[in-house]
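# Inside the fold
Next come the chains, spelled out residue by residue.
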Amino acid sequence: MRKDSRLSRMLHVLLHMARRDEPLTSEQIALMLDTNAVVVRRTMAGLRQAGYVHSEKGRGGGWRIACDLKQITLLDIHRAVGGPRIFAIGNETENPDCAVERVVNAALDDALRQAESLLLERLSRIALSDLANEFDALCQSSGWDERLAQRQHGHG
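Quick summary incoming for the structure in this document. Remember, predicted model here, so these are calculated numbers, not experimental data.

Further remarks concern helix α1 (residues 6-18). In this model, α1 (13 residues) spans 18 Å end to end at C-alpha, consistent with the 18 Å of a helix rising 1.5 Å per residue. Turning to α1, its buried residues are L7, M10, L11, V13, L14, L15 and M17.

Structure follows, in structure tokens:
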């Protein structure tokens with residue numbers, strides 16, 4: 001079964017966007033994510049509707065962060081990108097005639113409800129700024145910012 005990676009991919013994009021002064025085009029984001037620009041625009045539309053990003057058309061245009069990273073949680077992003085159900089596990093039959101299957105369904109439903117509730121609660125406690133701060137600390141401790149700046153200016 002293929003994993004739905006919209007949340008992690010958009011978090012990746014948003015963190016890059018938050019550290020740039022200029023907008024990112026759909027084409028640039030598509031290259032970053034190894035996808036095509038149409039998929040990027042479709043996914044970014046949900047973030048735009050939620051007010052987390054805005055887009056500018058024309059030369060010099062693209063996508064920019066339009067919110068305070070402290071005010072947005074991972075759960076907010078999950079919902080904005082049309083996040084699927086957290087778990088793809090499900091019952092064979094919703095209303096089975098078999099008593100064994102009814103017992104199995106009840107056990108699975110309860111466990112999945114509890115697990116989903118726990119995960120959604122955890123996502124609601126992590127702000128996008130938390131990830132940005134961790135990213136900044138990692139870059140600083142590894143000297144990555146310096147190397148990136150040198151590469152961007154043609155020195156490496």
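Read on for the rest.
So, about helix α6 (residues 128-142). The end-to-end C-alpha distance of α6, which contains 15 residues, comes to 21 Å, matching closely the 21 Å that a straight helix rising 1.5 Å per residue would cover. Those residues of α6 that fall on the buried side of the exposure criterion are L128, S129, A132 and C139. Buried residues of α6, seen end-on, are gathered within an arc of 95 degrees and therefore sit on one face of the element. Opposite the buried face of α6, at more than 90 degrees from it, the exposed residues are E134, L138 and S141. Just downstream of α6, G143 is the residue with a positive phi angle, here 75 degrees.

On to the environment of V13. Positionally, V13 belongs in helix α1. Spatially, the C-alpha atom of V13 lies 8.1 Å from that of M32, the residues being 19 residues apart in sequence. Look past the residues within four positions of V13 in its chain and what remains in contact with it is I29, M32, L33 and M44.

What follows covers the pattern of salt bridges. One pass over the full model with this rule turns up 5 salt bridges. Notably, a salt bridge pairs R19 with D136, separated by 2.7 Å at the nearest N-O pair. Placement of R19 in the loop between α1 and α2 (26-33) and of D136 in helix α6 is noted, with a sequence separation of 117 residues between them. With relative accessibility at 39%, the residue R19 sits in the partly exposed group.

Cut-off values and rules
- Residues numbered from 1 in each chain as written.
- Predicted model: local features only at pLDDT ≥ 70, side-chain atom pairs only at ≥ 80, totals over all residues.
- Heavy atoms only, no water.
- Helix = DSSP H or I, 4+ residues; strand = E, 2+ residues; numbered from the N terminus.
- Expected span 1.5 Å × (residues − 1).
- Buried < 20%, exposed > 50% of the residue type's maximum accessible area, 1.4 Å probe, protein only.
- Arc of directions from axis to C-beta.
- Contact = heavy atoms within 4.5 Å.
- Salt bridge = Lys/Arg side-chain N within 4 Å of Asp/Glu carboxyl O.

Function cannot be inferred from these measures alone, as they are strictly geometric.
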